[in-house]
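Residue strings, one per chain:
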2 protein chains.
Amino acid sequence: MEREEVAADREVGEVAKRATPSEEEPASDGISAVIPGWFSEISPMWPGEAHSLKVEKVLFQAKSDYQNVLVFQSSTYGKVLVLDGVIQVTDRDECAYQEMITHLPLCSIPNPRKVLVIGGGDGGVLREVSRYSSVEQIDICEIDKMVIDVSKQFFPHLAVGYKDPRVTLHIGDGVAFLKAVPKGTYDAIIVDSSDPIGPAQELFEKPFFESIAKALRPGGVVCTQAESIWLHMQLIEDIVSACRQVFRGSVSYAWTTVPTYPSGVIGFMLCSTEGPAVDFQHPVYHIDQDEISIKSMGPLKFYNSEIHSAAFCLPSFAKRVIGSKAR
Amino acid sequence: MEREEVAADREVGEVAKRATPSEEEPASDGISAVIPGWFSEISPMWPGEAHSLKVEKVLFQAKSDYQNVLVFQSSTYGKVLVLDGVIQVTDRDECAYQEMITHLPLCSIPNPRKVLVIGGGDGGVLREVSRYSSVEQIDICEIDKMVIDVSKQFFPHLAVGYKDPRVTLHIGDGVAFLKAVPKGTYDAIIVDSSDPIGPAQELFEKPFFESIAKALRPGGVVCTQAESIWLHMQLIEDIVSACRQVFRGSVSYAWTTVPTYPSGVIGFMLCSTEGPAVDFQHPVYHIDQDEISIKSMGPLKFYNSEIHSAAFCLPSFAKRVIGSKAR
């Protein structure tokens, strides 16, 4: 597959432009009409394909101030959280996403103390941050309170993250929150966002990355959700370019498998600010061997030190594009 | 996700038992009825989920002596080859599968000379084997001539593999073919099979592995398609156990991403016979830097030496099961 083929029609502007309802799209507030009794994920961000899960029971369905929120019991993936028609979390494969987006940045620096999570209302990232005994302060800024409430009700194994006394919850806009953060506050920032259509759009733009860089201490790290190399190469190329301009330390791209995400993979943009050098591919800490973490929360299901390093190995078609931009 | 959860209902026998048509299944000889104008892949091997591709045009549809064969033009994945309702190849992501199943074994030994492909009727594996100037003889045994004819007609960039003068085609049953192979004939055998429902069932069983071990020279290698760690952990566990009993050299499991395969990943079982030691994770040859191959066929799209090694790094839930069985 040629790069041009993969990236076709998937520029940021193009995506936004095409994000209008069409006859192919399911009603964004609920179960798809295309397969009766199934949920189908159809979006202009991945045209011409759909992933469908059989629905046992719809558990929750409402429109928040920001998006449509749906929870259903699937027949083989456990409970599923859907925002604006796009699957965010399933019981069965959430471990891959939550563990990778958290431990890729936090194992790359010694003794993280202050951590900020943008988005991540379901609490899964908080749960994973809680594994670190070095961490003293965990702030989370989530725009949509309904996501938090729904997670506490239906995904207790994710929302357990909120029980950590080190967590402070801020309901609000992550962009505004970051602007008000004093310079050099955080060791690590994790941006657990939805796709760049809807409330998360600004989280993929350069001014946001500039706010992040300012809020990090020298040598601090950020990890942001960064789409699929199979579907969104051009969008990723733009993000890498923006990050390379903003961050003066390392700029790396990693990826992992999540079966219920489009194309079955999701990527992460990892950057550090100017300061102590960060080599993302070679973790300085092995959380999978941390006895306190394992004793209190059980072993990790997905992440380990080898898969940390492997996540930075890219297929040749992606390496040619990202490798020329990252460093 | 707990191992028990992943493996639920997916024992080999269980799969076979459930492989009878049900109301959920599309007609196995063609386009799904569940989404009009779309192809939907629904199978008892991955119950409760479906991946669907929008169809531009059906190009071929027939029943061979062994299976239903369908080719359609999809709107965003190029042409798609479907056997018994299961996607085998799409133009857009075939590179990942063909390159990994071929170069994982062939880069793990020095100077492969004689290579056998079982299945692989589309020709894609042949195309990748052709990259090796050390190879003198390429045999392929495919059971279904219709798959070959259809590939030559609709997938010329795959079927180009048949043009290599080193290739000898045998139409027939791979199990019978292997039994007749003189002991110690091949340096490498690649088993590019469909799922263990239908004509490929025997290719996942111990007697077949014994025939392979016999047909390989000492220190020779085999790579077989080995399903998804997200969906078929128990089936994989059985395959690993069988291989560990049969093969006296290395026994390793690798995996890669293929967006149009169920759960977005596919695995490979890699084994070597007693003889010169084979360390699958550290390739002894770098085909991605082979000047002759690049000059004649262009650069590889997916495979490179780093992704070779990374493919053997497993998520913790899989490592706990496979690691205890492999060596």
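Residues numbered from 1 in each chain as written. Chains lettered and ligands numbered in written order. Predicted model: local features only at pLDDT ≥ 70, side-chain atom pairs only at ≥ 80, totals over all residues. Heavy atoms only, no water.

Draft legend 1. Structural context of the sheet that holds strand S9 (residues 186-192) of chain B. Residues and elements named next belong to chain B. Pairing in this open sheet of seven strands is mixed, and the strands run S8-S7-S6-S9-S10-S12-S11 from one edge to the other. The sheet is open, and its two edges are formed by strand S8 (167-171) and strand S11 (251-257), each paired on a single side. If you compare each strand with its neighbour and ignore which way they point, the axes differ by 15° on average. As paired strands, strand S6 (residues 114-119) and S9 are joined by five bridges and run parallel to one another. Each bridged residue has a counterpart across the sheet, and for Gly119 the counterpart in S9 is Asp192. (Pairing = 2+ DSSP bridges. Helix = DSSP H or I, 4+ residues; strand = E, 2+ residues; numbered from the N terminus. Axes fitted to C-alpha atoms, helices over the stretch in contact; angles between N-to-C directions.)

Draft legend 2. Quick look at the packing of helix H8 (residues 206-215) of chain B against helix H9 (residues 233-246) of chain B. Residues and elements named next belong to chain B. With their axes 10 Å apart at the nearest point, H8 and H9 run at an angle of 40° to one another. One element, H8, and the other, H9, form an angle in the oblique class. For the crossing formed where H8 meets H9, the hand is right-handed. On H9, the residues touching Lys206, Phe209, Glu210 and Ala213 of H8 are Ile239, Ala242, Cys243, Gln245 and Val246. A class-by-class count of the residues in the contact of H8 with H9 yields six nonpolar, one polar and two charged. (Parallel < 35°, antiparallel > 145°, perpendicular 65-115°, else oblique. Left-handed = near helix turned anticlockwise from the far one by under 90°. Contact = heavy atoms within 4.5 Å. Nonpolar A, V, L, I, M, F, W, Y, C, P; charged D, E, K, R; others polar.)

Draft legend 3. Local environment of the UniProt feature "domain: PABS" (unreviewed entry) in chain A. Here the UniProt feature "domain: PABS" (unreviewed entry) sits at residues 36-273 of chain A. Helix makes up 26% of residues 36-273 of chain A and strand 36%, whereas the separation of the span's terminal C-alpha atoms amounts to 50 Å. (UniProt positions renumbered as here; feature names shortened; annotations may be inferred.)

Draft legend 4. Seen up close, the packing of aromatic side chains. Counting across every chain of the model gives 18 aromatic pairs over all chains. Ring geometry for Tyr97 of chain A versus Tyr261 of chain A: centroids 5.6 Å apart, planes at 75°, classification edge-to-face. Of this pair, Tyr97 of chain A sits in helix H3 (residues 94-106) while Tyr261 of chain A sits in the loop between strand S11 (251-257) and strand S12 (265-272); the two residues are 164 residues apart in sequence, bridging distant segments of the chain. Per residue, the accessibility class of Tyr97 of chain A equals that of Tyr261 of chain A, and both read buried. With a centroid separation of 5.4 Å and 35° between ring planes, the pair formed by Phe39 of chain B and Phe72 of chain B is classed as tilted. Here Phe39 of chain B is found in strand S1 (residues 38-41), whereas its partner Phe72 of chain B is found in strand S3 (residues 68-74), with 33 residues between them in sequence. (Phe/Tyr/Trp six-rings, centres within 6.5 Å; stacked < 30°, edge-to-face > 60°. Buried < 20%, exposed > 50% of the residue type's maximum accessible area, 1.4 Å probe, protein only.)

Draft legend 5. Structural detail: the sheet that holds strand S8 (residues 167-171) of chain A. Residues and elements named next belong to chain A. An order of S8-S7-S6-S9-S10-S12-S11 is seen for the seven strands of this open sheet, with the pairing classed as mixed. Two strands close off the open sheet at either side, each with one partner strand: S8 and S11. Each strand axis lies, on average, 15° off the axis of its neighbour in the sheet, ignoring direction. With seven bridges joining them, S11 and S12 adopt antiparallel strand pairing. Its bridge partner lying in S12, Thr257 is registered against Val265.

Draft legend 6. Quick look at the interface of chain B and chain A. On the chain A side, the residues contacting the 48 residues of chain B number 49 residues. For the chain B and chain A pair, buried surface summed over both sides reaches about 4,200 Å², with 54% attributable to carbon and sulfur atoms. Applying the counting rule to chain B against chain A returns two salt bridges. Its salt-bridge partner being Glu306 of chain A, residue Lys319 of chain B comes within 2.4 Å of it at the nearest N-O pair. (Buried area = accessible area lost by both parts, 1.4 Å probe. Salt bridge = Lys/Arg side-chain N within 4 Å of Asp/Glu carboxyl O.)

Draft legend 7. Region of the structure containing the pattern of salt bridges. All names here are of chain A. Summed over the entire model, instances satisfying the criterion amount to 16 salt bridges over all chains. In this structure, Glu94 engages Arg127 in a salt bridge whose closest nitrogen and oxygen atoms are separated by 2.9 Å. Note that Glu94 is positioned in helix H3 and Arg127 in helix H4 (residues 124-129), a separation of 33 residues in sequence. Judged by relative accessible area, Glu94 falls into the buried class, the value being 3%. Looking at Arg127, the relative accessible area reads 10%, which means it is buried. The partner of Lys145 in a salt bridge is Asp149, with the nearest N and O atoms 2.9 Å apart. On the criterion of helical spacing, the pair formed by Lys145 and Asp149 is a turn pair, its members being four residues apart in helix H5 (residues 145-154). By relative accessible area, which is 46% here, Lys145 ends up partly exposed. Here Asp149 falls in the partly exposed class, since its relative accessible area comes to 36%. Residues joined by salt bridges that share partners form a network here, namely Glu94, Arg127, Glu128 and Arg131.

Draft legend 8. Spatial organisation of the confidence of the model for chain A. Residue and element names in this part refer to chain A. Mean pLDDT over chain A works out to 89, with 88% of the residues at or above the 70 mark. With pLDDT under 50 throughout, residues 1-30 is counted as low confidence; its partners more than four residues away or in other chains account for 54 contacts. We note a pTM of 0.91 for the whole complex and an ipTM of 0.90 for its interfaces. (pLDDT = per-residue confidence, 0-100.)

Draft legend 9. Highlighting the relation of the copies chain B and chain A. Each copy superposes on the other: chain B lies on chain A with an RMSD of 0.0 Å after a rotation of 180° and an axial shift of 0.0 Å. Here the transformation between the copies is reduced to the relation of a two-fold axis. Looking at chain B, 100% of its interface residues are interface residues in chain A too, so the copies touch through the same face. (Least-squares fit on C-alpha atoms with pLDDT ≥ 70 in both.)

Draft legend 10. A look at the UniProt feature "active site" (unreviewed entry) in chain A. All names here are of chain A. Mapped onto this structure's residue numbering, the UniProt feature "active site" (unreviewed entry) falls at Asp192. You can see Asp192 is positioned in strand S9 (residues 186-192). Here Asp192 is in contact with Tyr97, Gln98, Ile101, Ile118, Gly119, Gly120, Asp122 and Val125, once residues within four sequence places are set aside. In terms of polar contacts, Asp192 uses its side chain to reach the side chain of Tyr97, at 2.6 Å. (Polar contact = N/O pair within 3.5 Å; in protein donor to acceptor, adjacent residues only side chain to side chain.)

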